[in-house]
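Each chain, letter by letter, is given below.
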Amino acid sequence: DRPSVRDLIRTNLAEPGSRHLMLLTENGAAVQLLFDTGLLAADSQLLVGSQFPEDICELQLVKQVNRIKHAMAKGLTVVLKDSDNIYEALYDVLNQRYVTKVDAHGRQQRMLRLAIGSRSQLCLVHERFRCVVVVEASHAYSRLDLPLLNRFEKQILTPALVLSSQQRALCARVRAWVDTVATEAGADDL
């Protein structure tokens, strides 16, 4: 038996040493599924990008990077959706190239570099910090660079994939009923 997509995602999010996660989805369904199925904690940070010209400015990018920086230090999970303009700033984060420093109390701290243009800084990274990128599957296949895709563990997350076997059986029964009604109504092209 293969593990379910839910189990794979849950395991990825629970293991501090695992790669960050990219969820390929359809119609943006993955974000709601993550919260509805309990895969993400309520304190997870959701950052939704924008394609409006006024929103694709350096100030907006800095605001989003600062929210990620805060989540990194606190050990929160950040979910990025429609955030193509921010990925470049996160390459070291996604590569998980940690620099270790010793603080004033003798404890080791993990640090990662966040960069915006030519400016960069080392930022504290809690071991529980996770980054989840939600992207339409068609967009990932056609628009995202292969080096970016290779930085993630990738899973496909659609509503059908989180159904239990009983729910799938019920959906099959409903679909059969709809097909019967469509045939009787002369609308076979559904």
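Treat the numbers as computed from the prediction; the structure is a model and nothing was measured. (Residues numbered from 1 in each chain as written. Predicted model: local features only at pLDDT ≥ 70, side-chain atom pairs only at ≥ 80, totals over all residues. Heavy atoms only, no water.)

J.: Describe the pairing of strand β3 (residues 77-81), naming the residues involved and giving the relevant values.
T.: Among the five residues of β3, five are classified as buried, and the element is accordingly described as predominantly covered. Judged by which residues are buried, β3 turns out to be covered on both faces: Thr77, Val79 and Lys81 on one side and Val78 and Leu80 on the other are all buried. Two elements, strand β2 (residues 45-48) and β3, share four bridges in a ladder whose sense is parallel. The residue of β3 that forms the bridge with Leu47 is Leu80. The parallel pair β2 and β3 is bridged by helix α3 (residues 58-74), and the resulting crossover is right-handed. (Buried < 20%, exposed > 50% of the residue type's maximum accessible area, 1.4 Å probe, protein only. Helix = DSSP H or I, 4+ residues; strand = E, 2+ residues; numbered from the N terminus. Pairing = 2+ DSSP bridges. Right-handed = clockwise from strand over helix to strand, strands pointing away.)

J.: Give a description of the pattern of salt bridges that names residues and reports values.
T.: Going through the model one piece at a time under the given rule, you end up with five salt bridges. With a closest N to O distance of 3.1 Å, Asp82 and Lys81 form a salt bridge. For Asp82, a relative accessible area of 35% translates into the label partly exposed. (Salt bridge = Lys/Arg side-chain N within 4 Å of Asp/Glu carboxyl O.)

J.: Outline the pairing of strand β7 (residues 130-136), supporting the account with residue identities and numerical values.
T.: Most of β7 sits out of view: six of its seven residues are buried. With five bridges connecting them, strand β1 (residues 21-25) and β7 associate as parallel partners. Bridging from a neighbouring strand, Leu23 pairs with Val134 of β7. By the bridge criterion, five bridges tie β3 to β7 in an arrangement that is parallel. Each bridged residue has a counterpart across the sheet, and for Val79 the counterpart in β7 is Val132.

Remember that the coordinates give geometry; whether it matters functionally is a separate question.
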